[in-house]
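# Secondary and tertiary structure notes
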Amino acid sequence: MADRSLRGMRLGAQSLQSEEGVVYSPRTRYTYLCTECGQETETVFSAEAEAPDTWECRHCGHEARLLVGDTPVEVDHSDVKAPRSHWDMLLERRTRDELEELLEERLQYLRARRGTGERKHSA
């Protein structure tokens with residue numbers, strides 16, 4: 001045993017799988033034109049997949065539009081909702097007068113805790 005060396009595969013260095021008999025699915029190349037920098041971005045999708053109308057520009061990160069022929073597709077953003085802020089949601093539950101009253105109560109409580117007494121809030 002001492003005169004023979006044990007040989008084996010290096011773990012993780014080589015794959016035991018071959019590409020023999022593998023059939024790749026058909027692919028389609030799409031081009032997107034950036035609305036900001038004017039650069040074109042090419043992506044490859046499966047021929048069965050529907051390409052999205054917009055893609056992130058790999059040069060500047062803005063929205064790029066799918067080119068059909070030489071013209072970019074028109075994208076309808078009318079269904080996109082504007083994000084609501086915390087203030088918007090608060091105004092759905094309370095009126096401004098109620099909020100002013102709650103603020104004044106809270107300020108009086110905090111002032112009393114600090115021992116500074118009541119000060120008039122100037123508006």
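Coordinates for the structure precede this section.
Below is a summary of the structure that appears in this document. (Residues numbered from 1 in each chain as written. Predicted model: local features only at pLDDT ≥ 70, side-chain atom pairs only at ≥ 80, totals over all residues. Heavy atoms only, no water.)

## Focus: the pairing of strand β1 (residues 27–34)
- Across seven bridges, the pairing between β1 and strand β2 (residues 40–46) is antiparallel. Bridge pairing in β2 links Arg29 to Val44.
- Connecting the antiparallel pair β1 and β2 is a turn made up of five residues, with Gly38 showing a positive phi of about 80°.
- Bridge count for β1 against strand β4 (residues 63–68) is three bridges, and the pairing is antiparallel. Residue pairing across strands places Cys34 opposite Ala64, the latter belonging to β4. (Pairing = 2+ DSSP bridges. Helix = DSSP H or I, 4+ residues; strand = E, 2+ residues; numbered from the N terminus.)

## Notes on the nonpolar core
- Within the largest apolar cluster, eight residues are counted, these being Tyr32, Cys34, Phe45, Ala51, Cys57, Ala64, Leu66 and Val73.
- Listed by contribution, the elements that provide at least two residues to this core are β1 and β4.
- When neighbours within four sequence positions are excluded, Leu66 is seen to be in contact with Tyr30, Thr31, Tyr32, Pro52, Asp53, Thr71, Pro72 and Val73. (Core = buried A, V, L, I, M, F, W, Y, C linked by side-chain atoms within 4.5 Å. Buried < 20%, exposed > 50% of the residue type's maximum accessible area, 1.4 Å probe, protein only. Contact = heavy atoms within 4.5 Å.)

## A few points about the packing of helix α1 (residues 86–93) against helix α2 (residues 96–114)
- One way to put it is that α1 packs onto α2 with a least axis distance of 8 Å and a crossing angle of 105°. Taken together, the axis directions place α1 and α2 in an arrangement best described as roughly perpendicular. Note on element contacts: α2 touches α1 through Arg96, Glu98 and Leu99, opposite Trp87, Leu90, Leu91 and Arg93.
- A per-class count over the contact of α1 with α2 returns four nonpolar, no polar and three charged. (Axes fitted to C-alpha atoms, helices over the stretch in contact; angles between N-to-C directions. Parallel < 35°, antiparallel > 145°, perpendicular 65-115°, else oblique. Nonpolar A, V, L, I, M, F, W, Y, C, P; charged D, E, K, R; others polar.)

## Quick look at a negative patch on the surface
- On the surface, a cluster of negative charge is made up of Asp97, Glu98, Glu100, Glu101 and Glu105.
- Its location among the elements puts Glu98 in helix α2.
- Taking the relative accessible area as the measure of exposure, Glu98 reaches 36% and is therefore partly exposed. (Patch = residues over 30% accessible without salt bridge, like charges linked within 9 Å, V, L, I, M, F, W, Y side chains within 5 Å. Areas by Shrake-Rupley, 256 points an atom, 1.4 Å probe, with all protein chains shown as cover. Salt bridge = Lys/Arg side-chain N within 4 Å of Asp/Glu carboxyl O. Lys, Arg positive; Asp, Glu negative; His and termini not counted. Charge placed at Lys NZ, Arg CZ, Asp CG, Glu CD.)

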